[in-house]
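Examining the three-dimensional arrangement
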Amino acid sequence: MNHEFDKVNQTSEYQRQIFEEICRPQPIVIAAEGGPCGGKTTLINEIKLLSQEQTKNFVLIPEIATAEIGKLLNAGISIENFFSYQPSYLEFQKHILNKIVLNIQDAKEKYAGTNSIIVVDRADIKPYLNEEQYDQILLELGLEQSPLISLVDKVVYLPTVAKISSEVYEALLSTNPSRYESTAQAIDTCNRNLKIASINPEFSIYSSPNFKDKISDALFDIFHHEIEKESKFIPNYPIDINQTLEIIDSSSNEYLNSMDIYQSYHEIAGQKFRLRHGVVDNKHVFYHFALKSGNNGDTRQEIHRNLSKDLYNQLYEINCIKELHKIRSRFIYEFQNKEYILCLDYYDQINKTIVEIEGMGQELAKQVNIKGFSLGSLSTEELVQ
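Structural notes, computed from the coordinates. (Residues numbered from 1 in each chain as written. Predicted model: local features only at pLDDT ≥ 70, side-chain atom pairs only at ≥ 80, totals over all residues. Heavy atoms only, no water.)

Moving on: the overall build of the chain. Along the backbone of the chain there are 13 helices and 14 strands. Looking at the chain alone, contacts between residues at least 24 apart form 72% of all its contacts between residues at least 6 apart. Carbon and sulfur atoms make up 49% of the accessible area of the chain, which totals about 18300 Å². (Helix = DSSP H or I, 4+ residues; strand = E, 2+ residues; numbered from the N terminus. Contact = heavy atoms within 4.5 Å. Areas by Shrake-Rupley, 256 points an atom, 1.4 Å probe, with all protein chains shown as cover.)

Shown next, in the form of structure tokens:
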């Protein structure tokens, strides 16, 4: 196809239209994930109440599995017996995943061209299946990968209360007939769900021991999803990547995953934007667009979009300013009884390691001590974002 090019920026009118279209209002999909009795239902109910006072439009997709299990219970079917028979269990899970995908797609289509916030109560079934079972269901449904990567823009994660108190969990269990997991099973499901939900690059965790604070923090993140809060730590001296990993391992609770990320910075009509092409754990592929504004290193606003591979390739050809490659290792980092996502970024071209704690502002980060690193802001020119 022939396109007319701008003589200054070497940008086609077609590419300019793509950029403008991406920046126009679009619904964002946020998945609420977590362990059994983690607070997702409370979170959804709070969104219903608070959204009435907001100018933003919220679209809530309730947890499909809970509704379907309720239908089985109403029909007098024993959940434990039903789930112990593998063929029926796998068909049930396939049905759930299909409905999740269709509900998200329908909501995105219905609210296209708006800034609606679509909140999905659980967007995947993988925690309840082994790898072979899950891959087979994806194949049968014609899906290439988890909707957590292909359809969801952001994940907020609420761990099960069973991790804090088995007594509280069991008390909640007695009031919810659709819950059948023991305390140990709830913790195991929660841990598996954590690993799976964290494949989304925009992943946040809310684990305050105070339940109200936990819900309040998650609500703020959902209502203000365009605000990005982060703190970066710069090495005090040249440091080997393996040494850094040892330092991080000793100060964090849990390793989540690794991302191989190629990011490039482009400019069109005086506006700079970032593209990312990444692979999580050598399996889950994503393509992202970000247009950011504000101070680097603390709080910024952003327009963030999932892209198709074709759309990514079209934008990639626009006036590239700089390209970087990094390996990002992500960990859960506990500080003052709250958990954050700690990212260890290694930039191979410049042989530099940077630590970033997502969701933490610089005032709080001043109290953080990571051996060999100091809190610092990177200049905009470095474009390490």
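From this point, the narrative continues.
This part takes up the sheet that holds strand S3 (residues 117-121). One open sheet holds the five strands; their spatial order is S2-S3-S1-S4-S5, and the pairing between them is parallel. The strands lining the two open edges of the sheet, one partner per strand, are strand S2 (58-61) and strand S5 (203-205). Averaged over all pairs of adjacent strands, the angle between their axes in this sheet comes to 20°, without regard to strand direction. The pairing of strand S4 (residues 154-158) with S5 spans three bridges and is parallel. The residue bridging Tyr157 from the neighbouring strand is Ile205, located in S5. Most of the contacts of helix H5 (residues 86-110) go to S2, to which it runs at about 165°, and overall it touches strand S1 (28-34), S2 and S3. (Pairing = 2+ DSSP bridges. Axes fitted to C-alpha atoms, helices over the stretch in contact; angles between N-to-C directions.)

Turning our eyes to something else, we now look at the environment of Glu91. Summarising the element assignment, Glu91 is placed in helix H5. The sequence separation of Glu91 and Ile137 amounts to 46 residues, and the corresponding C-alpha distance is 8.7 Å.

We now examine the packing of aromatic side chains. Inspection of every chain in the model, using the stated rule, returns nine aromatic pairs. Residues Phe58 and Phe223 carry aromatic rings whose centres are separated by 4.6 Å and whose planes lie at 40° to one another, so their mutual orientation is tilted. Of the two residues, Phe58 sits in strand S2 while Phe223 sits in helix H10 (residues 211-223), which places them 165 residues apart along the sequence. Across this residue pair, the class does not change: Phe58 and Phe223 are buried. Here the aromatic rings of Tyr333 and Phe335 are separated by 6.5 Å at their centres, their planes lie at 15°, and the arrangement is stacked. (Phe/Tyr/Trp six-rings, centres within 6.5 Å; stacked < 30°, edge-to-face > 60°. Buried < 20%, exposed > 50% of the residue type's maximum accessible area, 1.4 Å probe, protein only.)

Within the sequence span of helix H1 (residues 13-23), burial applies to Gln15, Arg16, Ile18, Phe19 and Ile22. Taken down its axis, H1 places every buried residue within 160° of arc, on the same side. (Arc of directions from axis to C-beta.)

Judged by nonpolar contacts, the single largest core of 48 residues is most densely connected at Ile125, Leu148 and Phe203. It is H5 that contributes the most residues to this core, eight residues altogether. The next biggest cluster of nonpolar side chains, apart from the first, holds 17 residues, and it includes Ile47, Val119, Ile222 and Phe223. (Core = buried A, V, L, I, M, F, W, Y, C linked by side-chain atoms within 4.5 Å.)

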